[in-house]
Structures are given as structure tokens and as C-alpha cells.
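Each chain, written out:
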Amino acid sequence: MRRRVLLNVGVPILSLLLVLGVWQLIVVGGHVASYIAPRPRAAITAVTSQWSTLWPLILGTIRETIYGYLLGAVLGFALGVVMAKIPVVQRLVYPVILVSQAVPVIALAPVLVIILGFGIVPKIVIVTWIVFFPVTVNVLDGLGHVDPDLKNLARVYGASRWRTFVQIEVPASTTPLFSGLKIGAIYAVTGAIIGELAASEGNSLALYQEHANSNLNTAAVYGTTIVMTLIGIAWFLLVVGLEVWSTPWQRRSVARRRWRRGADDPTG
Amino acid sequence: MPTTLLELREVGKVFGDTVALAPTSLAIEEGSFVAIVGPSGCGKSTMFNVIAGLLRPDGGEVVLRGATITATTGHVGYMLQKDLLVPWRTVEDNITMATRLTRRVTDEDRAEARRVARQYGLGEFLRHYPSALSGGMRQRVAFMRTLVTHQQLLLLDEPFGALDAQTRLEMQEWLLRVWKDTGRTVLFITHDVDESIFLSDRIVVMSPRPGRVVADLANPLPRPRGIHTLLEPEFIALKARVLGLLHGGDL
Ligand SMILES: Nc1ncnc2c1ncn2[C@@H]1O[C@H](COP(=O)(O)OP(=O)(O)O)[C@@H](O)[C@H]1O
Ligand SMILES: [Mg+2]
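The model shown is predicted, which means the values in this text are computed figures rather than measured ones.

Calculation criteria
Residues numbered from 1 in each chain as written. Chains lettered and ligands numbered in written order. Predicted model: local features only at pLDDT ≥ 70, side-chain atom pairs only at ≥ 80, totals over all residues. Heavy atoms only, no water. Helix = DSSP H or I, 4+ residues; strand = E, 2+ residues; numbered from the N terminus. Rg over C-alpha atoms; globule rule 2.2 N^0.38 Å. Areas by Shrake-Rupley, 256 points an atom, 1.4 Å probe, with all protein chains shown as cover. Lys, Arg positive; Asp, Glu negative; His and termini not counted. Charge placed at Lys NZ, Arg CZ, Asp CG, Glu CD. Core = buried A, V, L, I, M, F, W, Y, C linked by side-chain atoms within 4.5 Å. Buried < 20%, exposed > 50% of the residue type's maximum accessible area, 1.4 Å probe, protein only. Contact = heavy atoms within 4.5 Å. Axes fitted to C-alpha atoms, helices over the stretch in contact; angles between N-to-C directions. Parallel < 35°, antiparallel > 145°, perpendicular 65-115°, else oblique. Nonpolar A, V, L, I, M, F, W, Y, C, P; charged D, E, K, R; others polar. Pairing = 2+ DSSP bridges. Phe/Tyr/Trp six-rings, centres within 6.5 Å; stacked < 30°, edge-to-face > 60°. Near = heavy atom within 4 Å. Polar contact = N/O pair within 3.5 Å; in protein donor to acceptor, adjacent residues only side chain to side chain.

A.B. asks: Would you explain the overall build of chain B in this entry?
C.D. replies: Within chain B one finds 8 helices and 10 strands. Computed over the C-alpha atoms, the radius of gyration of chain B is 18 Å, within 12% of the 18 Å expected from 2.2 N^0.38 for a compact globule of 251 residues. Seen through its principal axes, chain B has C-alpha atoms that stretch 50 × 40 × 40 Å. When the accessible surface of chain B is totalled, it reaches about 10400 Å², and 52% of it is carbon and sulfur. Side chains of chain B give 29 positive and 29 negative charges; the mean places of these two sets differ by 5 Å.

A.B. asks: Before we go on, may I ask you to explain the nonpolar core in this structure?
C.D. replies: The nonpolar side chains of a soluble globular protein tend to be buried, and buried together. Residues and elements named next belong to chain B. In terms of nonpolar packing, the biggest core is built from 46 residues, with L6, I51, Y78, L155 and L187 touching the most fellow members. Ranked by residue count, the leading element in this core is helix α1 (residues 44-52), at 5 residues. Leave out the neighbours within four places in its chain, and L155 touches F48, I51, A52, V76, G77, Y78, M79 and L187.

A.B. asks: Explain the packing of helix α3 (residues 51-85) of chain A against helix α4 (residues 87-102) of chain A here, please?
C.D. replies: When two helices pack together, their arrangement is captured by the angle between the axes and the distance separating the axes. Residue and element names in this part refer to chain A. Two elements in contact, α3 and α4, have axes whose closest approach is 6 Å; the angle formed by their N-to-C orientations is 135°. Taken together, the axis directions place α3 and α4 in an arrangement best described as oblique. Across the interface between the two elements, L79, V82, M83, A84 and K85 from α3 touch P87, V89, Q90, V93, Y94 and I97 from α4. Residue composition of the contact of α3 with α4, by class: 9 nonpolar, 1 polar and 1 charged.

A.B. asks: I'm lost on the sheet that holds strand β2 (residues 18-29) of chain B in this one. Help?
C.D. replies: Think of a sheet as strands paired side by side through backbone hydrogen bonds, with each pair either parallel or antiparallel. Residues and elements named next belong to chain B. Strand order in the open sheet formed by 4 strands is β2-β1-β4-β5, and the pairing between neighbours is antiparallel. The open sheet has two edge strands with one neighbour each: β2 and β5 (67-68). In terms of strand pairing, strand β4 (residues 59-64) meets β5 through 2 bridges, oriented antiparallel. Paired with V63 across the bridge in β5 is T68. In the packing of α1 onto the sheet, the strands contacted are β1 (4-15), β2 and β4, and the crossing angle to β1 comes to about 120°.

A.B. asks: What exactly am I supposed to notice about the packing of aromatic side chains here?
C.D. replies: How two aromatic rings sit relative to each other is set out by the distance from centre to centre and by the angle between their planes. Residue and element names in this part refer to chain B. What the rule picks out here adds up to 11 aromatic pairs over all chains. Arranged with centres 6.3 Å apart and planes meeting at 85°, the rings of Y120 and W174 form a pair that is edge-to-face. Residue Y120 is located in the loop between α4 (107-119) and α5 (135-147), and its partner W174 is located in helix α6 (residues 165-182); the two are separated by 54 residues in the primary sequence. There is no split in this pair, since Y120 and W174 are both buried. By the ring-pair criterion, three or more aromatic residues cluster together here, those being F33, F160, W179 and F188.

A.B. asks: I keep staring at the site of ligand 1 and nothing clicks. Help me out?
C.D. replies: Residues and elements named next belong to chain B. Taken together, F15, T18, A20, S40, G41, C42, G43, K44, S45 and T46 form the complete shell of residues around ligand 1. K44 places a main-chain nitrogen or oxygen 2.9 Å from an oxygen atom of ligand 1. T46 places a side-chain nitrogen or oxygen 2.5 Å from an oxygen atom of ligand 1. Alone, ligand 1 offers 560 Å² of accessible surface; in the complex the protein occludes 57% of this. Those elements that place two or more of their residues in the shell around ligand 1 are β2 and α1. When its residues are assigned to classes, the shell around ligand 1 shows 3 nonpolar, 6 polar and 1 charged.

A.B. asks: Sorry, what's going on with the sheet that holds strand β7 (residues 153-157) of chain B here?
C.D. replies: Residue and element names in this part refer to chain B. A sheet is described by the order of its strands in space; here 6 strands give the open sequence β6-β7-β8-β3-β9-β10, paired in mixed fashion. Lying at the two open borders of the sheet, with one neighbouring strand each, are β6 (77-79) and β10 (212-218). Each strand axis lies, on average, 15° off the axis of its neighbour in the sheet, ignoring direction. Bridge count for β7 against strand β8 (residues 185-190) is 5 bridges, and the pairing is parallel. Each residue of the ladder has a partner; that of L154, found in β8, is V186.

Dropping the structure here:
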């Protein structure tokens, strides 16, 4: 158990520290000018020294990411279900969602600004646009691969389609569902930043970085990038946490004691 | 005079050019244990799928307690060689799975699941996930799940086909014990002649192409049965008879 925690938490932290170390080595050892690449410490200081300015912007990016992600996840799941259940819809909609993903999102942003203005909405739409696709594809795949014998067994028991769906098909698809959700989680922040770049008139993390760039404040550019990355990783880890929490059978051989016990159970 | 529980009346099924099951009639008495033996592909599973209501037969009728149930589900218990336990539920929750698929599971349902599990050697595994169990244990759970459906008629399609010989014998004795306690009616498909004789009151022998019943033999071996049964002269005689039927001629 302790060994596993060490492997799962320690090793990733170590590998990230290694990246910082290599960065430091290249910048110092290669005599790279600080306007091209700052030392890691300078990049981090650029963030911490401006924290009071940055924090509201970070919150804004997080908000766009969360709203867009949740919307994309729900929409992606619903679309996957409808497509899996109604073959005609699948045939009609699949090409459309493929095309939707082939459109470069950056090119889409100005169009969204024209339609939706400069508020939070176009950013949410972009995040949703990016997130729904891996979710839909994976849900579709998962529902399509549920063991037909299991579905037949449910029929023999006299199960309704709805109960078969909830009790068998959805839980049987959790692994692909979470694959989609994890891919979406990693891309969600990218979507929010693209949205901020193309559709912000006031303050945003992306514009802050652009501003730093035009002021040749390279340390702040790198620092902001690190912040954006951390938001993405945090969101990803949250989804991984949700997966671990909701699929105990993949790691445990015995279930945890549950809160609801039968009144007559002598073993407690 | 025992009552007839299930009746097949001229039930047949064709898939494209394949006659999976020639029109077949069969009557099963309540409380009996009937084995169905036949080579692979002779339509045994097709017959079960028709009885279970998964397949609509091309003709004929399936009658349970005098009422037609042709092509309707929800009237029988059904179990396959694949245990079909769901990995995301504990043993206890797998046993109540059939209930959960039709209505809300109550505390009484859970209590019953725990009771039968304890009674038949699964008590210590109630909170285990299926992945932690051996093949034999998994089949026991699958059978318990079938049992708590409270269906009188249980269709078991080669349930022990994937188990090793030792475990299979244990499972057969275990099944006979549960069957005796619960008074259910069992239709048991197997291609293992020993198994069919060891378990049954009656052996229905089927032939391939087209699948049809070629013999319907009473099994006179006394109960309770055990390892010793396998060595009795009646056992050997019956085995010779069934093997002869399956291989088309004398041994
Ligand atoms: N859904 C199906 N579609 C087409 N052919 C089938 C189908 N199910 C079974 N068959 C064919 O019907 C025959 C009997 O199959 P089955 O009842 O599974 O045999 P058994 O269980 O005795 O091994 C086989 O030839 C099989 O290939
Ligand atoms: Mg079969």
C-alpha cells in the first residue's frame, strides 16, 4: 500500500522535478539569455510576486474550464448514448461531429465572438466543443462493447430497457467513459486559453501572458505557462481521483463497509 | 401423479439454412432434474433460448404451468457457462442482481441473499468482488443469483463446462444439495455424459443436424449420490447406452 502510494505520487513528482532540473541545466550551462528562457526560479517568482493580480485571472480560467468541461462531459455522454441507441442518429451525426473536430478551434473563436460577444460564454463553448468529442467517442465505443450475453441475461430476468441501461450498460462502460473524460480534462484548459486569446477584451490569463510577452517579460511568460499547465494537471488529477473513487472494484478485492446495512445482519 | 411444469409443443428454430432445432416436443415434471446431452451445435442452447423467451420459435408453443409463454421473458432462471457476474458489484449485490433489474432491492432481498450465500458456502465472500473468486466460487454465486429469482424452472446451460474435473465434481454434489433443499425444477445442458447421469432423474439425448431428441431415458440411480455412484453397474450401463446413442450405434 505504502509502496503503491510512493510509486503513484512520488515518481511523477520526481519526474517533474527532473524536468525543472534539466531546464535549469540548459539555461545555466548553455548560457541562455534570460529574455529567451529564464531560470525556473525566476519564472516562479514572476508568478508569486504578481499573485494578487494573477489570482482573479486564474479563477476566471478555472471557471471557464469547469463550466465548459461539465457541459462538454454531459453533452458528450448524452450524445454517445443517443448515438449508441439509435443507429440512424449515429449515421447522421457521426460525420458532423468529425467535421466539428476538424475545424481548427482557433479559427472558430472569432466566429463565436461575433455570435456570442466577449463574455465567458464563447470560452465555455470552445471548451465544451473540445471536451465533448473524446467523451462521445468513448461512450459510443463502451456501450457498443457490452457483453450481449449479459444483456440477454437481463432480458431473461424481465428487465426493462431503462434498468438494463442503468444497471448493466453504463457501469460496464466506465473504463472507456473515464478515458474520454481524462482526455477531455487535459484539453479543457487549452480550450479555455484559446477562448481567452481570441475572445477577451478585458482581463484574462491568456491576455496577461500576451502582455508580458510584448513587454519582453520572459519570466512572466514562462510563469504563466506553468500556471496554465498546473490548472490542466489539477483538473486531470481530479478526474482521475473521481475514477479511483467510483471504481473501487478495480483495485480492491473486498468492498469497504457500506453505510446501509440490513437490520438483521448479525455480522454487522 | 406429478404435475407437468413445462411443455414444449412442436417447437423448432431455423437460422437461414441451418435447422438449429427440429420441431421438438418435451414435457418436464415439476421438481425433476432433467439433463440434456448432445454434441456441440445440436441446438441445445437454441432450445434454452426459446424457453427463456430470447428467441421466437418458428413454430410451436412453450407452455409453463398451462399458460403460453412463447417468446416472452421473465419466467425462468437462466445460467450459462460464462458466469456473467458483474465486476462492479460485490458477491451479495451480484446475487440480488436479478431483483435490481426489475425493481428496487429491499433489505429483505439482501437478507435472503446473505442467508442463501451463508448456507451454501459463500458466507465469507459476501463483500468480495467477483475478481477475487475462483471459477467454482463464481459459478456458485451465479447459481445463487439464479436461485433468488424465485423462478421454479432453472435453465442451466453447461454451467460447469469451464471448470477442472475436481472442481466440477464438487460443484455437482453442491448443486444436488441445493436442488434437494430448494425443490426447484432443473433443466441441465451438458456434453459430459458422466455429469448428465450423475445429476439427473432423466436424460434427454439429442442428435446433430438437424437437432432433435433421439432418446428420453429414465435414470434409475438412487439418491443421494456421491463418488460411489460413478462406479455402480447401473451407472456404467446407462453410460454405455447414452454413448451408444451419441455415437450412432454400438460401442
Ligand atoms: N443466432 C444464430 N444465428 C445463426 N445460427 C445460429 C445462431 N445460434 C445458433 N446457431 C446455429 O444453430 C446451431 C445450434 O446451435 P446451439 O443451439 O448453440 O448448439 P449447442 O448449444 O447444442 O452447441 C449451430 O449450428 C449454430 O451455429
Ligand atoms: Mg450451447
